[in-house]
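A structural walkthrough
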Amino acid sequence: MPELQSGARRSKRLTDLQPATQPANQEENWLVQPTQNNRTRRRGGRGRGNAAAAVKGLAAAATTSRPAGRGRGGIRLIDLDPEPPVKAAVPQAVVAPVGAGEAAFNRVEGAADKDNAMEGGSADKILGAEEEGSTTPVPERVQVGNSPAYKTERKLGKGGFGQVYVGRRVSGGSERTGPDAVEVALKFEHRNSKGCNYGPPYEWQVYNTLNGCYGIPWVHYKGRQGDFYILVMDMLGPSLWDVWNSLGQSMSPSMVACIAVEAISILEKLHLKGFVHGDVKPENFLLGQPGSPDEKKLYLIDLGLASRWKDASSGHHVDYDQRPDIFRGTIRYASVHAHLGRTGSRRDDLESLAYTLIFLIKGRLPWQGYQGDNKSFLVCKKKMATSPDLMCCFCPAPFKQFLEAVTNMKFDEEPNYSKLISFFDSLIEPCTILRPIRIDGALKVGQKRGRLLINLEEDEQPKKKVRLGSPATQWISVYNARRPMKQRYHYNVADSRLRQHVDKGNEDGLYISCVASAANLWALIMDAGTGFSAQVYELSAVFLHKDWIMEQWEKNFYISSIAGAANGSSLVVMSKGTPYTQQSYKVSESFPFKWINKKWKEGFHVTSMTTAGSRWGVVMSRNSGFSEQVVELDFLYPSEGIHRRWESGYRITSMAATTDQAAFILSIPRRKMVDETQETLRTSAFPSNHVKEKWSKNLYIASICYGRTVC
Ligand SMILES: Nc1ncnc2c1ncn2[C@@H]1O[C@H](COP(=O)(O)OP(=O)(O)OP(=O)(O)O)[C@@H](O)[C@H]1O
C-alpha cells in the first residue's frame, strides 16, 4: 500500500462521520524551505502524446512504496481516493474587465437560460415543446413515396415531436403488419417543429441505420406531404405505461423481469448498430397489437434522441466530454450522467432501464414530485443520494443487482448483456406459454451465457460502489510539481488573525497563491513562486464585493484567488504581475456553465472559482495562459472524468465545491510544463501532514477547497 494512500485512507476512516475541520485553537502555520538536493531531481517531463502511457505506468508505480519513478522524468497523475464516494442562475453581478488603461465598465448579464421543460403526462421530457405541428390538422389522406394510400383515423399518441395516428389502407392490403398491412401507424411531424429546422426529422437518419433492428418497429415508407414529414410504420399496441396503468399502477416482479431481459436484449442489438437510444422509459416500450401473434412482444420506439456511441467511420468509441448545460432525455428516467451533460454512452440506456423497471414494480421513484426551474438538479441530486438498497426495497434482489451493475459502469465500458440478463433468471417463468412477455431476444443472448459467465467469474474484480447514498464533504487538495520553493499554509484561521499571517508572509517575500474556507474559517496558502509583484486582499461580509474589486481593477490589480465562506463572507485576493489583460466574474445560484461557455468563446478562461453556501463565484480572465479548458461537475468527486482529462493532457487549474457538488476546471497550458505531475488528495481534515510529504517530493499545493466529495 503506498504511503500516501494509506495515510489518506486512515484519515478518512477515523473521521468519516465527523469530517469537520480541526478546532480553531489548532490553527497551524507551516513553512517549507527548499532543500538543495531536490533541485536536480526532475527534468524533462514527457510530451502530451505520452501522457496516457505515462499515466498507466505511473499509476502502477504509485501502488508500490517507491517514489513513483519521478526521477525518470515521467508524468505522475494520482488521485488518492480514500472512499469514493437546473435552476436559473441569479447573477449578482458580472463585472466586465478592466484592461490596462481602459475604462472600467459594468455589465449585468441576464439570467442563465432555463431549460425548455415540458410537463408530459407521465414524466418530464426535455427537448420538445408544444409547437405549431400539434395544432395544424394532419392530412386526412396520406400517400408518401411509393406507399399505398391511407386514410388517417384515430390518434394513437402524441409526443414532444410528433403525433401518431392509425392509417387505414384505402384499397388492397391483406396483412396485419409489414408494407402490405391494412392498418399502419402514421407518425406526423410538422415542418416547422423544432426537430425539422434543417429538413426531415433527425429520427429519419437514425432509422436509415436501425430499420429492421431487433425490437424496433419497421418503417415501411417515409416522405413529406404538405406541411408534414410522415413515417409509415408497423402499428403496435399499448405502451408499458398504459399496461402499468391498466394493471392498477403496478406490475408483478415476474412480468417486470421478462421486460428487463427482453429490453436488455433489444438495447444490445441497438447498441451493436453503434447507437444509444437516449430516452428509455415505460412510454417508449410498446407491445405488439392486441390479438395478434405479437401481442406479448416488446418493441422500443422513438429514436428522436438516439446518438452514436461508436463513430461510424473509425469504429472507435466517441470521445468523452461533459457539457453541464446540455440535458437530453426525460428527467424521471435519465441517467445521472445525462443530467450532468456527459456524452451519452451505452451505460446511460441501461441506467434509464433500471429506473424504468423499478418504477414499474414500485409505481414510484424517490425523485418524483420536484417542481421548478431547478428540477433537473434536484432530481439528479436525489438519484445520487439514494442508495440501491433504498431504491430497491420491496423489489426482488435481481433489480438491485442490475441497478448496481449499471450505475457502476464506466463511460466506454462494454456492457456484459448476457450477465445482466442472467441476474433475472430466478424470476423468469420456465414455461413459455405462461410468460406475460415474450423473451425471444433474451433467450438468444442467453444461449452463450453459460460459457461467458465462467470467464467472467474468474476475471472480474469487485467494483468500487459509486453511489452509496451518504453524502460527505472533505478537503480536496491538488498538488503540482514545481521547482523547490517556499510555500506556507495556515488553516482554521479566524477573520481576526488573517492580517497577521498575510503581513508576516509578505515580510518573508511570500504572496497568497490560494485561499479556501471550511466552517467559516480560512485556509491560506502563501508562496514564493507566484510571480506577483504586489498584492491586496479584502475580507468582506458580502460574497465578492463588487465596488472593491472594481476599485482594484482600476489600479491594474487582477483577482488571483477567491474564497467564500458558508456565512456568505468572502476573501478576495488581487495581484499585480499576473498575465491577465481582462477579467470578468459572476456569482450565481447554480454552477454557471452557460456563462463560462459564452466567455470561452470570447477568449476568457476560468482562473479562479469558489463557493459560499450554495452560491458559486467564478472568475474568468483573458490571456490566462491556457489554450483549452473543460469542466468536470458532479455530485461526487468525478474521478473517471478527471482521469480521462488527465490522459488528454489537461490539468486541474481551479476547483470549488458546495455541500452538493464539486466542480473542477481543467486546462491545457499554452506553454508546455517542464514537469506535468499533478496529484489530488481528499481528506476529512486539512491535509497538513500530507502537504509536508508532498513538499519533500517538490509537489506544492496548487488549489484547495472544501466540499462535496463522496455520495
Ligand atoms: N408504431 C406505433 N404504433 C402505435 N402507437 C405508436 C407507434 N409509435 C408511436 N406510437 C404512440 O405515439 C406516441 C408518440 O410517439 P413517439 O414517442 O414516437 O413520438 P415523439 O414525438 O417522438 O415522442 P417523444 O416526445 O417521447 O419523443 C407514443 O407514445 C405511442 O403512444
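Residues numbered from 1 in each chain as written. Predicted model: local features only at pLDDT ≥ 70, side-chain atom pairs only at ≥ 80, totals over all residues. Heavy atoms only, no water.

What about the overall build of the chain?
- For the chain, the helix and strand inventory stands at 18 helices and 32 strands.
- A buried classification covers 57% of the 711 residues belonging to the chain.
- Carbon together with sulfur atoms contributes 51% to the accessible area of the chain, which is approximately 29000 Å² in total. (Helix = DSSP H or I, 4+ residues; strand = E, 2+ residues; numbered from the N terminus. Buried < 20%, exposed > 50% of the residue type's maximum accessible area, 1.4 Å probe, protein only. Areas by Shrake-Rupley, 256 points an atom, 1.4 Å probe, with all protein chains shown as cover.)

Notes on the UniProt feature "domain: Protein kinase" (unreviewed entry) in the chain
- When the UniProt feature table is mapped onto this chain, "domain: Protein kinase" (unreviewed entry) is found at residues 150-428.
- From the first C-alpha to the last, residues 150-428 spans 41 Å; its make-up is 32% helix and 18% strand. (UniProt positions renumbered as here; feature names shortened; annotations may be inferred.)

Considering the side chain of Thr-386
- Tracing the sequence through the fold places Thr-386 in the loop between helix H8 (375-385) and helix H9 (388-391).
- Separated by 2.5 Å, the side chain of Thr-386 and the backbone oxygen of Lys-382 make a polar contact. (Polar contact = N/O pair within 3.5 Å; in protein donor to acceptor, adjacent residues only side chain to side chain.)

A closer look at the pattern of salt bridges
- Within the structure shown, the criterion is met by 26 salt bridges.
- Where Arg-323 meets Asp-325, a salt bridge forms, and the shortest distance between an N and an O atom there is 3.4 Å.
- With a relative accessible area of 19%, Asp-325 lands in the buried category.
- Among the ionic pairs, Lys-672 bridges to Glu-676, the shortest N-O distance being 4.0 Å.
- Within the structure, one salt-bridge network assembled from shared partners comprises Asp-321, Arg-342, Glu-632, Asp-634 and Arg-645. (Salt bridge = Lys/Arg side-chain N within 4 Å of Asp/Glu carboxyl O.)

Notes on the packing of aromatic side chains
- Summed over the entire model, instances satisfying the criterion amount to 24 aromatic pairs.
- Between Tyr-333 and Phe-359, the ring centres sit 5.8 Å apart and the planes meet at 85°, which makes this aromatic pair edge-to-face. Note that Tyr-333 is positioned in the loop between strand E17 (329-330) and helix H6 (336-339) and Phe-359 in helix H7 (residues 346-362), a separation of 26 residues in sequence.
- On the basis of relative accessibility, which here comes to 1%, the residue Tyr-333 falls in the buried class.
- The class of Phe-359 is buried, set by a relative accessible area of 1%.
- With a centroid separation of 5.6 Å and an interplanar angle of 35°, the aromatic rings of Tyr-489 and Trp-695 are classed as tilted. Separated by 206 residues along the polypeptide, Tyr-489 in strand E19 (residues 487-493) and Trp-695 in helix H18 (residues 688-696) bring together distant segments of the chain. For the pair formed by Tyr-489 and Trp-695, the shared burial category is buried.
- One aromatic cluster in this structure is built from Trp-475, Tyr-489, Tyr-491, Phe-686, Trp-695 and Tyr-706. (Phe/Tyr/Trp six-rings, centres within 6.5 Å; stacked < 30°, edge-to-face > 60°.)

Side note on the side chain of Ser-569
- Counting through the fold element by element, Ser-569 comes out in the loop between strand E23 (558-564) and strand E24 (570-576).
- Using a relative accessible area of 10% as the deciding quantity, one classes Ser-569 as buried.
- A distance of 2.8 Å separates a polar atom in the side chain of Ser-569 from a polar atom in the side chain of Asn-567.
- Other than its neighbours up to four places away in sequence, Ser-569 contacts Trp-522, Ser-540, Ala-541, Val-542, Ala-563 and Gly-564. (Contact = heavy atoms within 4.5 Å.)

Let's talk about the environment of Pro-290
- Within the secondary structure, Pro-290 is located in the loop between strand E14 (285-287) and strand E15 (298-300).
- We classify Pro-290 as exposed; its relative accessible area is 52%.
- Distance from Pro-290 to Leu-236, taken between C-alpha atoms, is 8.3 Å for residues 54 residues apart in sequence.
- In contact with Pro-290, not counting residues within four places along its chain, are Arg-176, Gly-237, Pro-238 and Glu-295.

Overview of the sheet that holds strand E22 (residues 534-540)
- The 3 strands are arranged E22-E24-E23 in an open sheet whose pairing can be described as antiparallel. The open sheet has two edge strands with one neighbour each: E22 and E23. Pairs of neighbouring strands in the sheet enclose a mean axial angle of 15°, with direction left out of account.
- Relative to E24, E23 is paired through 6 bridges, and the arrangement is antiparallel. Bridging from a neighbouring strand, Ser-561 pairs with Val-573 of E24.
- Against the sheet, helix H14 (residues 495-507) makes contact with E22 and E24, and its axis sits at roughly 175° relative to E22, the strand it touches most.
- Here helix H15 (residues 546-554) sits on the sheet and contacts E22, E23 and E24; the angle it forms with E24, its principal contact strand, is near 5°. (Pairing = 2+ DSSP bridges. Axes fitted to C-alpha atoms, helices over the stretch in contact; angles between N-to-C directions.)

Quick notes on the pairing of strand E31 (residues 678-683)
- For E31, the tally of buried residues reaches 6 of 6 residues, placing the bulk of the element in the interior.
- Going residue by residue along E31, you find Gln-678, Thr-680 and Arg-682 tucked away on one face and Glu-679, Leu-681 and Thr-683 tucked away on the opposite face as well.
- When strand E18 (residues 472-481) meets E31, the two strands line up antiparallel, connected through 6 bridges. Each bridged residue has a counterpart across the sheet, and for Ser-477 the counterpart in E31 is Leu-681.

Details of the nonpolar core
- Counting 81 residues, the largest nonpolar core has Met-251, Ile-259, Leu-298, Leu-353, Leu-357, Phe-402 and Phe-424 as the members making the most contacts within it.
- Here this core takes 12 residues from helix H5 (residues 253-272), the largest share from any one element.
- In contact with Phe-424, other than residues within four places in its own chain, are Ala-257, Ala-260, Val-261, Ile-264, Leu-357, Pro-398, Phe-399 and Phe-402.
- Within the second largest apolar cluster, 20 residues are counted, among which are Met-485, Leu-681, Val-691 and Ile-701. (Core = buried A, V, L, I, M, F, W, Y, C linked by side-chain atoms within 4.5 Å.)

Observations regarding unusual backbone geometry
- The backbone phi angle of Asp-302 is positive, close to 70°, even though this residue is not glycine.
- By secondary structure assignment, the location of Asp-302 is in the loop between E15 and strand E16 (307-308).
- By relative accessible area, Asp-302 is classed as buried at 15%.
- You will see that Asn-520, though not glycine, has its phi angle at about 60°, which is positive.
- For Asn-520, the location among the structural elements is in the loop between strand E20 (511-518) and strand E21 (521-527).
- What makes Asn-520 partly exposed here is its relative accessible area of 31%.

What to know about the sheet that holds strand E29 (residues 651-657)
- Here we have 3 strands laid out as an open sheet, ordered E28-E30-E29, and antiparallel in their pairing. Two strands bound the open sheet, and with one partner strand each, they are strand E28 (626-634) and E29. Averaged over all neighbouring strand pairs, the angle between strand axes comes to 20°, with direction disregarded.
- Bridge analysis of E29 against strand E30 (residues 662-669) gives 6 bridges, and the strand direction is antiparallel. Along E30, the bridge assignment pairs Ser-654 with Ile-665.
- The strands that helix H17 (residues 639-647) touches are E28, E29 and E30; relative to E28, the one it contacts most, it runs at about 165°.

Looking at the UniProt feature "binding site: ATP" (unreviewed entry) in the chain
- Per the UniProt entry, the sites bearing "binding site: ATP" (unreviewed entry) are Lys-187 in this numbering.
- Of note, Lys-187 is situated in strand E10 (residues 183-190).
- On the accessibility criterion, Lys-187 (11% relative accessible area) is buried.
- Not counting chain neighbours up to four residues away, the residues in contact with Lys-187 comprise Gly-162, Gln-163, Val-164, Glu-203, Tyr-229, Ile-230, Leu-231, Met-233 and Asp-302.

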